Amino acid sequence: MLLLPSAADGQGTAITHALTSASTLCQVEPVGRWFEAFVKRRNRNASASFQELEDKKELSEESEDEELQLEEFPMLKTLDPKDWKNQDHYAVLGLGHVRYKATQRQIKAAHKAMVLKHHPDKRKAAGEPIKEGDNDYFTCITKEEWSNKKNVPKLGDMNSSFEDVDAFYSFWYNFDSWREFSYLDEEEKEKAECRDERRWIEKQNRATRAQRKKEEMNRIRTLVDNAYSCDPRIKKFKEEEKAKKEAEKKAKAEAKRKEQEAKEKQRQAELEAARLAKEKEEEEVRQQALLAKKEKDIQKKAIKKERQKLRNSCKTWNHFSDNEAERVKMMEEVEKLCDRLELASLQCLNETLTSSTKEVGKAALEKQIEEINEQIRKEKEEAEARMRQASKNAEKSTGGSGNGSKNWSEDDLQLLIKAVNLFPAGTNSRWEVIANYMNIHSSSGVKRTAKDVIGKAKSLQKLDPHQKDDINKKAFDKFKKEHGVVPQADNATPSERFEGPCTDFTPWTTEEQKLLEQALKTYPVNTPERWEKIAEAVPGRTKKDCMKRYKELVEMVKAKKAAQEQVLNASRAKK
């Protein structure tokens, strides 16, 4: 039952009754199909003319269905219901004259009309005999099957959009055929003799139908695949998609390139700013260094001026003494003051000397000399204390035991230095060879081990330069006592390999050593007047000097070989 809404305000119709009595006004609401049509138009915002067109369309369709004349199939009642697979379905529905041109509405209308006309109940009521089960010809009408797929998309043309083409191929890729191939069954279950045979026949028929349905779907899918691969629109869409992706890729690469350029530009700007800041800082440091240098130069000039002034002042007073020795001593003390005093002290001292008498100036100068000497003495004591402490630490670090780590005399130290130079790094079992060399040539009689030698060598390396100078000075004093003459050393540097105490007055230089070795190779033993020729090849050396040097070299080589043999023998004895 359709309940129509009430009329809106102002849409009622007023009817006036002209009666004998006075006129009255009544509210009348519209009803019926005309009001229903009005409500539809109002809800759809459609005009009356649009509604009239729709109504005409429906009426035309109905009239077409009414005008469609169904042709009665004369052989319908004689059809075998079991052979419905081979029947003409259009003829059964009365559409033999229309066939494939029939619309869905016409097919449905024809099917409905035929069912109503030939229904078994209606025919039975009319007194017509009816066959039981599926043996009646009505089964031929009911066996008609219809596709459930509707609104099949059109193929379109070259101007169709991607959505239309995709919808067309999506429909056919997802197409599900309504054909179930039952009409091709090889076995009929009605011919079965028992229930089990009927079930087996149904099972076989289902499997056969499924296989045929699968083959049919593969055939359709192959057809769709071929159409899809040959469709020029698909190629065009793919090219457009590819071009779009390429454009997006290029745009992305361009954006990334611009971003990298921006970052690189920013980095370059930061580097440039850092470079400018660094240059500015370096310039400030350079300016400060220049100012410091200028101040230092000014201070140096001032100190130099004050030192010269101090010397002149002392020279003016004849260094405060008439004795020559005292004047020389005073000159040394004045030079010491010039080296040790700072600018302010020099200025103060010069002011005192220039503005006072000789006695006052002498007293001030002597006072300053005493302070400087006291300072020098304290520094010397501190240096000696540091050297002693370093020597103790070195002895403790070596961890030697017995006489091997103690009682290193000056001769032993000189012998150790000579052995270290004689057997350089790379010598096989170097420290054992050095220890044996010292045990052979040492006059103290103390037996040294390789461990003692290594410890003492390390302690000598850690010594301060002052202590090394003291050792060299003592060795030089010992040389003067033994020979009584100070050797006149030239500017050439002696060979490191032949450092140490030597018996000649003048040390052999590296160049002289090379010339001697070359001359020994040039003039073998059987050469007449060999040593005279060798002396001529070494400028500044006599025949006696060359022979003496040769003997020293022979002794060194023999000692080295003997030490190495002792080490080898000792190692073999241990094995």
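Residues numbered from 1 in each chain as written. Predicted model: local features only at pLDDT ≥ 70, side-chain atom pairs only at ≥ 80, totals over all residues. Heavy atoms only, no water.

*Asks:* Sorry if this is basic, but what is going on with the overall build of the protein here?
*Replies:* Across its full length, the protein holds 19 helices and 2 strands. Looking at the protein residue by residue over its 575 residues, the buried ones come to 25%. Contacts in the protein between residues far apart in sequence, at least 24 positions, make up 58% of those at least 6 positions apart. Surface exposure of the protein reaches about 42000 Å², of which carbon and sulfur atoms provide 52%. (Helix = DSSP H or I, 4+ residues; strand = E, 2+ residues; numbered from the N terminus. Buried < 20%, exposed > 50% of the residue type's maximum accessible area, 1.4 Å probe, protein only. Contact = heavy atoms within 4.5 Å. Areas by Shrake-Rupley, 256 points an atom, 1.4 Å probe, with all protein chains shown as cover.)

*Asks:* Which parts of the structure should I look at to understand the packing of aromatic side chains?
*Replies:* Both the distance between ring centres and the angle between the ring planes are used here to describe each pair of aromatic rings. Applying the stated rule across the entire model yields 10 aromatic pairs. Ring centres of Phe-168 and Tyr-169 lie 5.2 Å apart, and the angle between their planes is 80 degrees; this geometry places the pair in the edge-to-face category. The residues Phe-168 and Tyr-169 share a single accessibility class, namely buried. On the basis of relative accessible area, Tyr-169 is assigned to the buried category, the value being 5%. Grouped by ring-pair contacts, the aromatic residues Phe-168, Tyr-169, Tyr-173 and Tyr-228 constitute a single cluster. Positioned above the aromatic ring of Trp-531, the side-chain terminus of Arg-530 is 5.3 Å from the ring centre. For Arg-541, the ring lying beneath its charged end belongs to Trp-508, and the centroid distance is 4.5 Å. (Phe/Tyr/Trp six-rings, centres within 6.5 Å; stacked < 30°, edge-to-face > 60°. Lys NZ or Arg CZ within 6 Å of the ring centre and 35° of its normal.)

*Asks:* Explain the nonpolar core to me, please; I cannot follow it from the model alone.
*Replies:* Nonpolar side chains tend to gather and get buried jointly when the protein is soluble and globular. By size, the foremost hydrophobic cluster in this structure holds 18 residues, and its most contacted members are Leu-416, Phe-423, Ile-434, Tyr-437, Met-438 and Val-453. When residues of this core are traced back to their parent elements, those giving at least two are helix H13 (410-422), helix H14 (430-441), helix H15 (450-461) and helix H19 (543-574). Looking at this core, you find at least three residues from each of domain 3 (410-476) and domain 4 (510-573). With near-sequence residues (within four places) excluded, Val-453 lies in contact with Leu-416, Trp-431, Ile-434, Ala-435, Met-438 and Arg-448. Ranked by size, the runner-up nonpolar core spans 16 residues in total, among them Met-330, Leu-341, Leu-343 and Leu-346. (Core = buried A, V, L, I, M, F, W, Y, C linked by side-chain atoms within 4.5 Å. Domains from an automatic or database assignment.)

*Asks:* Honestly, the packing of H13 against H14 in this entry has me stumped. Any pointers?
*Replies:* When two helices pack together, their arrangement is captured by the angle between the axes and the distance separating the axes. Here H13 crosses H14 at 140 degrees, and the two axes come no closer than 10 Å. Regarding the angle of H13 to H14, the classification is oblique. Handedness of the crossing formed by H13 with H14: right-handed. Residues Asp-412, Leu-415, Leu-416, Lys-418, Ala-419, Val-420 and Leu-422 of H13 pack against Arg-430, Trp-431, Ile-434, Tyr-437, Met-438 and His-441 of H14. Of the residues that constitute the contact of H13 with H14, the class distribution is 9 nonpolar, 1 polar and 3 charged. (Axes fitted to C-alpha atoms, helices over the stretch in contact; angles between N-to-C directions. Parallel < 35°, antiparallel > 145°, perpendicular 65-115°, else oblique. Left-handed = near helix turned anticlockwise from the far one by under 90°. Nonpolar A, V, L, I, M, F, W, Y, C, P; charged D, E, K, R; others polar.)

*Asks:* Would you explain the state of the cysteines in this entry?
*Replies:* Working definition of a disulfide: a covalent bond connecting the sulfur atoms of two cysteines. All told, the structure shown has 0 disulfides when counted by the stated rule. As a non-bridged cysteine, Cys-338 has Cys-314 as the owner of its nearest cysteine sulfur, 7.7 Å distant. Overall, the relative accessible area of 0% leaves Cys-338 in the buried class. (Disulfide = S-S within 2.5 Å.)

*Asks:* I tried to follow helix H8 (residues 195-230) on my own but got confused; where do I start?
*Replies:* Compared with the 52 Å implied by 1.5 Å per residue over 36 residues, the 52 Å span of H8 between its first and last C-alpha is a close match. Buried residues in H8 make contact with helix H7 (162-173). (Expected span 1.5 Å × (residues − 1).)

*Asks:* Whenever I open this one, the pattern of salt bridges confuses me. Can you help?
*Replies:* When charged atoms on two side chains of opposite charge get close, those side chains can pair. Applying the stated criterion across every chain, the model contains 22 salt bridges. Where Glu-324 meets Arg-327, a salt bridge forms, and the shortest distance between an N and an O atom there is 2.4 Å. Remark: Arg-327 and Glu-324 occur in helix H10 (residues 324-340); sequence separation between them is 3 residues, near one turn of the helix. For Glu-324, a relative accessible area of 48% gives the class partly exposed. Between Arg-549 and Glu-552 there is a salt bridge whose closest N-O contact spans 3.0 Å. Residue Arg-549 and its partner Glu-552 are both found in helix H19; the two are separated by 3 residues, about one turn of the helix. On the basis of relative accessible area, Glu-552 is assigned to the buried category, the value being 16%. Salt bridges sharing partners connect three or more residues here, namely Glu-254, Arg-257 and Glu-261. (Salt bridge = Lys/Arg side-chain N within 4 Å of Asp/Glu carboxyl O.)

*Asks:* What exactly am I supposed to notice about the side chain of Ser-160 here?
*Replies:* Looking at the secondary structure, you find Ser-160 in the loop between helix H6 (138-142) and H7. Separated by 2.8 Å, the side chain of Ser-160 and the backbone nitrogen of Asp-157 make a polar contact. Non-local contacts of Ser-160, meaning those with residues more than four positions away in its chain, are made with Val-165, Arg-233 and Phe-237. (Polar contact = N/O pair within 3.5 Å; in protein donor to acceptor, adjacent residues only side chain to side chain.)

*Asks:* Would you mind showing me how to read unusual backbone geometry here?
*Replies:* Note: most residues except glycine have negative phi, and most peptide bonds are trans. Phi at Phe-320 is positive, roughly 60 degrees, even though this residue is not glycine. Along the chain, Phe-320 falls in the loop between helix H9 (232-316) and H10. At Glu-529, a position not held by glycine, the phi torsion is positive, near 50 degrees. Counting through the fold element by element, Glu-529 comes out in the loop between helix H17 (510-522) and helix H18 (530-537).

*Asks:* Would you mind going over the side chain of Gln-368 with me for this structure?
*Replies:* Along the polypeptide, Gln-368 turns up in helix H12 (residues 358-398). Leave out the neighbours within four places in its chain, and Gln-368 touches Leu-337, Leu-341 and Leu-349.

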